[in-house]
Amino acid sequence: MQHRIVVLGAGYTGAIAAGRLARRLRREDVAVTLVNAEPDFVERVRMHQLAVGQDLKPRPFDEMFAGAGVELRLAEVTGVDVDRRTVAVVGANGAEELAYDTLLYALGSGWDTQGVPGTAEHAHEIASRPGALRLRERLARLDAGQSVVVVGGGLTGLEAATEIAEARPDLDVALAARGDLGDWLSPKGREHLRKVFGRLGITVHERTAVTGVEAGRVATADGRAIPAAVTVWTTGFAVHPIAKATALKVTDAGQIVVDGSMRSVSHPDVYAVGDAAMVMGPGDKPLRMSCASGTPTAWQAADAIAARLTGGKLPNTPIRYFNQCISLGRKEGLIQYVTADDRAVQAVLTGRLAAVYKELICKGAAWGVANPTLGLPVRRRRVTRERATAGPAVKAPA
Ligand SMILES: Cc1cc2nc3c(=O)[nH]c(=O)nc-3n(C[C@H](O)[C@H](O)[C@H](O)COP(=O)(O)OP(=O)(O)OC[C@H]3O[C@@H](n4cnc5c(N)ncnc54)[C@H](O)[C@@H]3O)c2cc1C
């Protein structure tokens, strides 16, 4: 009997974990099934580029996984029953159930409207490819001088505002941020950001909470109305509601609570990675939703499952941050170096070199999906255990 590993979601983390598992375990012992709604890999970190009209390299999964030992099931996941160990999916054959021995949940996240009135109806999002394509179509129809307001001063908002302003210098682009522009960055980082925003002619509304979105404008907490022919909403990500509807232990926001080996603290047959997981990082702080920390969670989960199924040694690598890589259009960038727990230090890299660095990071992230063992030699090990549940919860290494 093969051990059935079902991986839900083929974003950065699910695709890496599935590919890595298939390379770590003997093919005759395991069946690795990867369930995803779309047939190709979406480079989510480039959705702001897609939105302004750039074309991304197609990355079909059947090419990425050729000969890897991963079976791709094109289907939408509609539910998980962790007691019966089944997943409900809807695909080309209609509604079906997939049974698993080990489940790896990696459904990622979407945009977070935070319940602000009018956002779902009137704002655009770039957390997904369909959203980015809708924005692309809308931006293409805007005439010179029309206004675009990006709401959210985090990493995605900075990247979106600069990308739009650079691609469409004829538009009137603004950014609304709750705090000051880049207020978590080092003084040098903030200064560089202001310089680039100024050069691109982006108006910055600092200490501005947007409380409503209407057709043609956004309303702010201090009673202003900012004209917005297009509103782009980037105030963070929200996980899909599927995990919250299960018996799994989840946070209030719906992320699956896992231990240091990415195993659910309530259901040891289930692992979760990436945006969908609540993982404690250095300094006992939850990891933020990002590729930067999601990718190592995928390595950790795959290696932990493989170790538990083969009686091998559990991985124990701390997951830490090194830098925040921010694109500011295609010609400019900002690399902010950070501590292990993601706090800015003095050092930054700016300018064209930073733009090249960021481009290499994005290319490297996609390369890592197709090369989940990072080119290291592969030794497929024999499965000797029936379940990947052995041993107590593992504390995340500091
Ligand atoms: C514009 C933008 C820029 C970003 N830039 C950076 C950056 O520079 N650095 C960084 O570290 N992070 C960045 N991020 C964040 C990063 O993209 C996410 O943290 C990362 O994609 C999370 O990976 P994941 O595998 O958990 O989820 P995802 O990449 O979201 O993948 C989830 C997968 O599951 C599939 N799926 C979802 N629901 C279902 C369902 N019901 N049925 C079937 N399939 C489903 C999706 O189609 C997708 O393939 C950026 C995000 C955005 C939107």
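Residues numbered from 1 in each chain as written. Predicted model: local features only at pLDDT ≥ 70, side-chain atom pairs only at ≥ 80, totals over all residues. Heavy atoms only, no water.

### Regarding the sheet that holds strand 12 (residues 210–214)
The pairing of strands in a sheet happens through backbone hydrogen bonds and is either parallel or antiparallel. Strand order in the open sheet made by the three strands is 12-13-14, with antiparallel pairing throughout. Of all strands in the sheet, those with a lone pairing partner are strand 12 and strand 14 (225–228), marking the two edges. Going across the sheet, the axis of each strand differs from the next one's by a mean of 25°, ignoring polarity. For strand 12 and strand 13 (residues 216–220), the ladder comprises four bridges, and the chain directions are antiparallel. Considered in strand 13, the bridge of G212 is made with A219. (Pairing = 2+ DSSP bridges. Helix = DSSP H or I, 4+ residues; strand = E, 2+ residues; numbered from the N terminus. Axes fitted to C-alpha atoms, helices over the stretch in contact; angles between N-to-C directions.)

### Some thoughts on the UniProt feature "domain: FAD/NAD(P)-binding" (unreviewed entry) in the chain
Residues annotated by UniProt as "domain: FAD/NAD(P)-binding" (unreviewed entry) correspond here to residues 4–302. Secondary structure within residues 4–302 divides into 25% helix and 29% strand; the distance between the first and last C-alpha atoms comes to 14 Å. (UniProt positions renumbered as here; feature names shortened; annotations may be inferred.)

### Quick word on the sheet that holds strand 22 (residues 344–350)
Strand order in the open sheet made by the three strands is 20-21-22, with antiparallel pairing throughout. Each edge of the open sheet is held by one strand with a lone partner, namely strand 20 (323–327) and strand 22. Averaged over neighbouring strand pairs, the angle between their axes works out to 20° when direction is ignored. Here strand 20 pairs with strand 21 (residues 333–338) via five bridges, running antiparallel. Considered in strand 21, the bridge of Q324 is made with Q336.

### Regarding the site of the ligand
Contacts to the ligand come from 33 residues, most closely from T13, R44, V77, C291 and K358. The separation between an oxygen atom of the ligand and a polar side-chain atom of R44 is 2.7 Å. The contact in question runs from an oxygen atom of the ligand to an N or O atom on the backbone of A292, over 2.8 Å. In isolation the ligand has 1000 Å² of accessible area, and contact with the protein removes 88% of it. Contributing elements (two or more residues each) for the shell around the ligand: helix 1 (12–24), strand 3 (70–81), helix 6 (155–167) and helix 8 (291–310). Here the shell around the ligand takes three residues from strand 3, the largest share from any one element. Of the residues that constitute the shell around the ligand, the class distribution is 16 nonpolar, 11 polar and six charged. Shared between two domains, the shell around the ligand takes at least three residues from each, and those domains are domain 1 (3–110 + 237–319 + 364–370 + 377–387) and domain 2 (113–233). (Near = heavy atom within 4 Å. Polar contact = N/O pair within 3.5 Å; in protein donor to acceptor, adjacent residues only side chain to side chain. Areas by Shrake-Rupley, 256 points an atom, 1.4 Å probe, with all protein chains shown as cover. Nonpolar A, V, L, I, M, F, W, Y, C, P; charged D, E, K, R; others polar. Domains from an automatic or database assignment.)

### Topic: the state of the cysteines
Here the structure, examined in full by the defined rule, presents zero disulfides. Here C291 is not disulfide-linked; the sulfur of C362 is the nearest cysteine sulfur, at 8.3 Å. Assessed through its relative accessible area of 23%, C291 is described here as partly exposed. Sulfur of C362: no disulfide; nearest cysteine sulfur belongs to C325 and is 8.2 Å away. By relative accessible area, C362 is classed as buried at 5%. (Disulfide = S-S within 2.5 Å. Buried < 20%, exposed > 50% of the residue type's maximum accessible area, 1.4 Å probe, protein only.)

### Considering the packing of helix 1 against helix 9 (residues 351–370)
Where helix 1 contacts helix 9, the two axes come as close as 8 Å, and the packing angle between them is 40°. In this structure, helix 1 contributes Y12, A15, I16 and R23 to the contact, and helix 9 contributes A365, A366, G368, V369 and A370. Here the residues of the contact of helix 1 with helix 9 are counted per class, giving seven nonpolar, one polar and one charged. (Contact = heavy atoms within 4.5 Å.)

### Concerning the domain arrangement of the chain
Its domain assignment divides the chain into domain 1 (3–110 + 237–319 + 364–370 + 377–387) and domain 2 (113–233). Of note, the centres of domain 1 and domain 2, computed from C-alpha atoms alone, are 32 Å apart. Listed by partner, the interface residues are 17 residues for domain 1 and 16 residues for domain 2. Counting the surface domain 1 buries against domain 2, the share from its top three residues, H48, A51 and V52, is 39%. The tally of links between domain 1 and domain 2 comes to three salt bridges. Across the domain 1-domain 2 interface, the total number found is eight residue pairs in polar contact (both at pLDDT 80 or more). For the side of domain 1 that touches domain 2, the residue count by class is seven nonpolar, five polar and five charged. (Buried area = accessible area lost by both parts, 1.4 Å probe. Salt bridge = Lys/Arg side-chain N within 4 Å of Asp/Glu carboxyl O.)

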